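Secondary and tertiary structure notes
Spelled out, the chains give:
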Amino acid sequence: MNATVQFRIDGYEVSALEGATLTAALLQSGIRGLRRDPVSNEFRGAFCGMGACFECELVVDGRTVRACLTPVRADMDVRTGATT
Amino acid sequence: MTSDVVIVGAGPAGLSAATVIAENDRSVVVIDEQPRPGGQYYRQQSAAVIATHGVHRAEGAALIERARRAGVQFRSGVSVWGVDDDRRTLLVSAADGTSIRRHLAPRIVVATGATERALPFPGWQLPAVTTVGYAQHLCAEGVRVGARVLVAGSGPFLLSVACSLVGVGVDVVAVLEEGTPYRPRAAGWKVAGHPQRLREFAAYRARLAAARVPVRSGRRVVSAEETADGLRVVEGPTVGTGRARQHTVDALNVGFGFRPQIDLLRLLGCGTRIDALSGDEVAVVDVDGATDLDGVWAAGEVTGIAGAPSALAEGLVVGAAVLRSLGAPLPEGLAAARRDVSRARAFASTLGRLYPAPRDLAALAAASLGDDALVCRCESVSAGQVRAAQFGGTDLQAVKAATRAGMGLCQGRECAPAVSALCGSPTAAFTVRPPLRPILLAAVAEHAAQVI
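This text gives an overview of the structure that appears in the document.

The rules behind these values
- Residues numbered from 1 in each chain as written.
- Chains lettered and ligands numbered in written order.
- Predicted model: local features only at pLDDT ≥ 70, side-chain atom pairs only at ≥ 80, totals over all residues.
- Heavy atoms only, no water.
- Pairing = 2+ DSSP bridges.
- Helix = DSSP H or I, 4+ residues; strand = E, 2+ residues; numbered from the N terminus.
- Axes fitted to C-alpha atoms, helices over the stretch in contact; angles between N-to-C directions.
- Contact = heavy atoms within 4.5 Å.
- Salt bridge = Lys/Arg side-chain N within 4 Å of Asp/Glu carboxyl O.
- Buried < 20%, exposed > 50% of the residue type's maximum accessible area, 1.4 Å probe, protein only.
- Buried area = accessible area lost by both parts, 1.4 Å probe.
- Polar contact = N/O pair within 3.5 Å; in protein donor to acceptor, adjacent residues only side chain to side chain.

Comments concerning the sheet that holds strand E16 (residues 251-255) of chain B
All names here are of chain B. Strand order in the open sheet made by the five strands is E9-E16-E10-E11-E12, with parallel pairing throughout. Bordering the open sheet on either side are strand E9 (129-131) and strand E12 (215-217), each of which pairs with just one other strand. Sheet twist, expressed as the average angle between the axes of neighbouring strands with direction ignored, equals 20 degrees. Sheet analysis places E9 next to E16, joined by three bridges and oriented parallel. Bridged to Val129 within E16 is Leu252. Contacting E9, strand E10 (148-153) and E16, helix H4 (residues 132-140) runs over the sheet at an angle of about 85 degrees to E9.

See below:
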């Protein structure tokens, strides 16, 4: 079994180890800015990495999730830059 | 779904309590928000990540396996966001706020652990700034938070994380410690009574020295800003006037110790107190970990920060108390666990005295902030807005109502130390109200339809 899976970040095909933390996979693709702050419109990224701060919120398959609590799955569709 | 006991939190304390209860033939459900059991200290990776990068903290994996064999039922990826009026029914959802359910818990063990204390400085909200804990999680997955990294804040955890970073090949430009804990002083001699911990500390220092990572005491981050070359961080002295230095790095990892995560205990209505040394709010418990609410126990960091060894031992003590309430005989190892708890707490207290008190760190952070610096990340509230909202008084809830600081998605977990320091009430806490985690209105409506 191949432990690497393919999925999409903002429409681009990327690969990562299955079940890796999504924030880690995003960082390996060079992406730190994950959501936009509704007041300043500035990018925010993973800060606490344990589900407490909500700065890593983004949209996976149409649902807003904390990326740091989300394991990578094959074919997931990840969208960054949402205003949450 | 019912069980004899519901434990909230699958970290060292929760795992330890769950295992002893299940091994004595009582049914246990462990609810935890993370995708896999282990909490933060025993955080476990997926099979594919382990196959590539190895097991992180094998003793944690072994404890989880032992719990499973004993029949502990894990409900991972589940958030507790509320408590019903009976104070026995937990309101839970999936971690994304969907699938709302009620979970009747005749006996509850709260082992919700701690979060890292965050303190603001200009630029702390930039995506290249993260906690040290997150940087260490990335190391455990074989991922570098950056090629060049600065580590700053206060506490022994900074050294541990810096070593993890070195271990995955990160160029750690420096570790900045706000206090001066490594100077010889009277309190330092007490550490000699804990030789194993002393060896751990010596190993960290040796590893950093070998990697030529400078550890500079009495230094702190002044500001961080994004530039075309990377994150530009200015460091300066903690007190007085001293030379400023600039670093250009990929990431800045900050940490100021840990705060007990007691929101669920407060929602249950359990008694809390202010810990004298840290100034943090902790659960009031007796020697068995029982809270003042019948049928509710607390174990681990929620009773005061003392680290994983204490949490493991407290889990066993609480597990034994829960078993006694269920008419089961006392498990083995109870006396040793009680000794381990008092020893770990003594060490935590000794260590705490070597580093600056959290309330002093928060007061310094607050006093150093310019009016335009961001304090509340969720609602983008600046230090100036908090200062202007005080109307000559220092009521934290009034400031929250006037500015929205502490009202956002994180429920004030990140900004509380700084906002309370800015208000001059370092031990004041934001009120706790459900939902503790965001839930979808559609999920509430769906649940209501099922109940009616």
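What about the pairing of strand E6 (residues 101-104) of chain B?
All names here are of chain B. Summarising the sheet, strand E5 (residues 89-94) and E6 pair through four bridges and their orientation is antiparallel. For Leu90, the partnering residue across the bridge sits in E6 and is His103. If you look at the hairpin formed by E5 and E6, you'll find six residues sitting between the two strands, and Gly97 has a positive phi there, around 85 degrees.

Describing the pattern of salt bridges
All names here are of chain B. Counted according to the given criterion, the structure contains 27 salt bridges over all chains. For Glu281, the salt bridge identified is with Arg266, shortest N-O distance 3.5 Å. Here Arg266 lies in helix H7 (residues 263-268) and Glu281 lies in strand E19 (residues 281-283), a separation of 15 residues in the sequence. We classify Glu281 as buried; its relative accessible area is 18%.

Quick notes on the interface of chain B and chain A
Contacts between the two partners involve 48 residues from chain B, matched on the other side by 38 residues from chain A. In total, chain B and chain A occlude about 3,300 Å² of area from one another, counting both sides; carbon and sulfur atoms represent 57% of this. Contact with chain A buries area across many residues of chain B, yet Pro127, Tyr134 and Arg377 of chain B alone supply 18% of it, more than any other trio. Our count for the chain B to chain A interface comes out at three salt bridges. Between Glu33 of chain B and Arg66 of chain A there is a salt bridge, with its nearest N and O atoms 2.8 Å apart. The interface formed by chain B and chain A contains 17 residue pairs in polar contact (both at pLDDT 80 or more).

That is the geometry; function is a separate question.
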